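What the coordinates show
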Amino acid sequence: METLTAESYMEGLYEEDAVLTRVKEVIVAKNMPEISIAPGYGRLLTMMVTMIGAKRVLEIGALGGYSGICLARGLKEGGKLLSLELKQDFADVARDNVIEAGLGDFVEYRIGEALDHLNALLEQGERFDFFFIDADKVNYPNYLELAIKLANPGAIIAGDNTLMRGKVVDEKQTKASVQAMRTFNQRIANDPRLESTILPAYDGLALARVK
Ligand code: MG
């Protein structure tokens with residue numbers, strides 16, 4: 001008998017989510033990277049958006065719309081997810097998937113460098129209740145700082161891939177992306193503006209609440 005990991009055991013308890021399975025199939029068919037957030041964390045995103053009653057959600061890194069669907073599922077009528085994506089073709093796939101999921105009215109995509117968009121949002125005085133950071137790892141510390149500045153009091157900041165498949169705990173790994181993630185994790189843990197925890201299951205998920 002095959003030995004189950006804790007994660008596959010837990011996932012096995014849940015019925016298949018046909019909408020998200022379809023998104024994963026589209027991502028494969030389009031030759032996009034198969035790095036969507038883990039299903040257990042997707043459910044957590046939906047729960048947290050619901051729990052805090054978030055009205056405005058900001059996602060950094062749309063990929064194929066998997067996490068976008070999880071975030072938008074937690075929104076109520078009138079809520080909005082703004083999703084920043086570097087690549088036009090990824091955003092097109094994400095938008096199609098979000099519409100197919102029946103959530104198109106909740107989501108807006110902006111294409112291009114996330115740092116530019118974040119700085120523009122800051123200049124415009126925009127504020128958000130929930131952030132999901134899941135983009136290029138080198139910029140995670142910068143995304144965190146801008147998210148804190150764009151946060152309403154009590155906002156939640158979630159960051160995916162905080163373990164980078166074990167690289168962050170391997171001292172031999174010195175790539176800029178790994179070092180940036182270590183910096184991000186340090187700041188999540190120690191920034192006096194935040195209360196936080198970092199979940200070590202799957203590929204690691206940082207959760208912070210802006211005081
Ligand atoms: Mg990710």
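Labelled according to an unreviewed UniProt entry, the protein appears under the name Methyltransferase, originating from Paenibacillus pectinilyticus.

Thoughts on the pairing of strand β7 (residues 205-210)
Within β7, five of the six residues are buried, leaving the element largely enclosed by the surrounding structure. As judged from the five bridges shared by strand β5 (residues 151-160) and β7, these two strands associate in the antiparallel manner. Each bridged residue has a counterpart across the sheet, and for Ile 157 the counterpart in β7 is Ala 208. Inspection of the sheet shows strand β6 (residues 194-199) paired to β7 by six bridges, in the antiparallel sense. Looking at β7, one finds that Thr 197 is bridged to Leu 207. Between β6 and β7, which follow one another and run antiparallel, lie five residues, and Tyr 202 among them has a positive phi close to 50 degrees.

Some remarks on unusual backbone geometry
The phi dihedral of Asn 161 is positive, around 70 degrees, even though this residue is not glycine. Here Asn 161 shows up in the loop between β5 and α8 (176-190). In this model, Tyr 202 sits at a positive phi of 50 degrees, which is unusual for a non-glycine residue. Topologically, Tyr 202 is positioned in the loop between β6 and β7. A relative accessible area of 21% places Tyr 202 in the partly exposed class.

Brief notes about the packing of helix α2 (residues 18-29) against helix α5 (residues 88-100)
Taken N-terminus to C-terminus, the directions of α2 and α5 make an angle of 155 degrees; their axes are 11 Å apart at the nearest point. In terms of orientation, α2 and α5 fall into the roughly antiparallel class. The two elements α2 and α5 meet at a crossing, and its hand is right-handed. Residues Arg 22, Val 23 and Val 26 of α2 touch α5, and the partners they reach there are Val 93, Asn 97 and Glu 100. The residue makeup of the contact of α2 with α5, split by class, is three nonpolar, one polar and two charged.

Focus: the sheet that holds strand β2 (residues 80-85)
Whether parallel or antiparallel, the strands of a sheet pair through hydrogen bonds between backbone atoms. If you trace the seven strands from one edge of the open sheet to the other, you get β3-β2-β1-β4-β5-β7-β6, paired in mixed fashion. Edge positions in the open sheet fall to β3 (107-111) and β6, since each of these has one partner strand only. Within this sheet the neighbouring strands show an average axis-to-axis angle of 15 degrees, counted without direction. Across the sheet, α5 is in contact with β2 and β3; its angle to β3 comes to roughly 175 degrees. Against the sheet, helix α7 (residues 140-149) makes contact with β1 (56-60), β4 (128-133), β5 and β6, and its axis sits at roughly 160 degrees relative to β5, the strand it touches most.

A word on the packing of helix α6 (residues 114-123) against α7
A pair of packed helices is captured by two measures, namely the crossing angle of their axes and the spacing between those axes. As a packed pair, α6 and α7 sit with axes 10 Å apart at the nearest point and diverge in direction by 20 degrees. Judged by the inter-axis angle, α6 sits roughly parallel to α7. Relative to α7, α6 is oriented so that their crossing is left-handed. Contacts between α6 and α7 involve Ala 114, Leu 115, Leu 118, Asn 119 and Leu 122 on the former and, on the latter, Asn 142, Tyr 143, Leu 146 and Lys 149. When grouped by side-chain class, the residues that make up the contact of α6 with α7 number six nonpolar, two polar and one charged.

Section: the nonpolar core
Grouped together as the largest cluster of nonpolar side chains are 38 residues, with contacts concentrated most on Leu 45, Val 57, Leu 71 and Phe 130. Residue assignment for this core shows that the elements contributing at least two residues are α2, α3 (39-51), α4 (66-72), α5, β3, β4, β5 and β7. If near-sequence neighbours (up to four positions away) are discounted, Leu 71 is found in contact with Leu 45, Val 49, Val 57, Glu 59, Leu 81, Phe 130 and Phe 132. Counting residues in hydrophobic clusters, the runner-up holds 31 residues, among them Ile 60, Leu 84, Met 181 and Ile 188.

Quick notes on the pattern of salt bridges
Within this structure, the stated rule accounts for eleven salt bridges. The residue Arg 209 makes a salt bridge to Glu 195 at a minimum N-O spacing of 3.1 Å. On the criterion of sequence distance, the pair formed by Arg 209 in strand β7 and Glu 195 in strand β6 is long-range, its members being 14 residues apart. Within the structure, one salt-bridge network assembled from shared partners comprises Glu 145, Lys 149, Asp 191 and Arg 193.

Definitions and limits used
Residues numbered from 1 in each chain as written. Predicted model: local features only at pLDDT ≥ 70, side-chain atom pairs only at ≥ 80, totals over all residues. Heavy atoms only, no water. Buried < 20%, exposed > 50% of the residue type's maximum accessible area, 1.4 Å probe, protein only. Helix = DSSP H or I, 4+ residues; strand = E, 2+ residues; numbered from the N terminus. Pairing = 2+ DSSP bridges. Axes fitted to C-alpha atoms, helices over the stretch in contact; angles between N-to-C directions. Parallel < 35°, antiparallel > 145°, perpendicular 65-115°, else oblique. Left-handed = near helix turned anticlockwise from the far one by under 90°. Contact = heavy atoms within 4.5 Å. Nonpolar A, V, L, I, M, F, W, Y, C, P; charged D, E, K, R; others polar. Core = buried A, V, L, I, M, F, W, Y, C linked by side-chain atoms within 4.5 Å. Salt bridge = Lys/Arg side-chain N within 4 Å of Asp/Glu carboxyl O.

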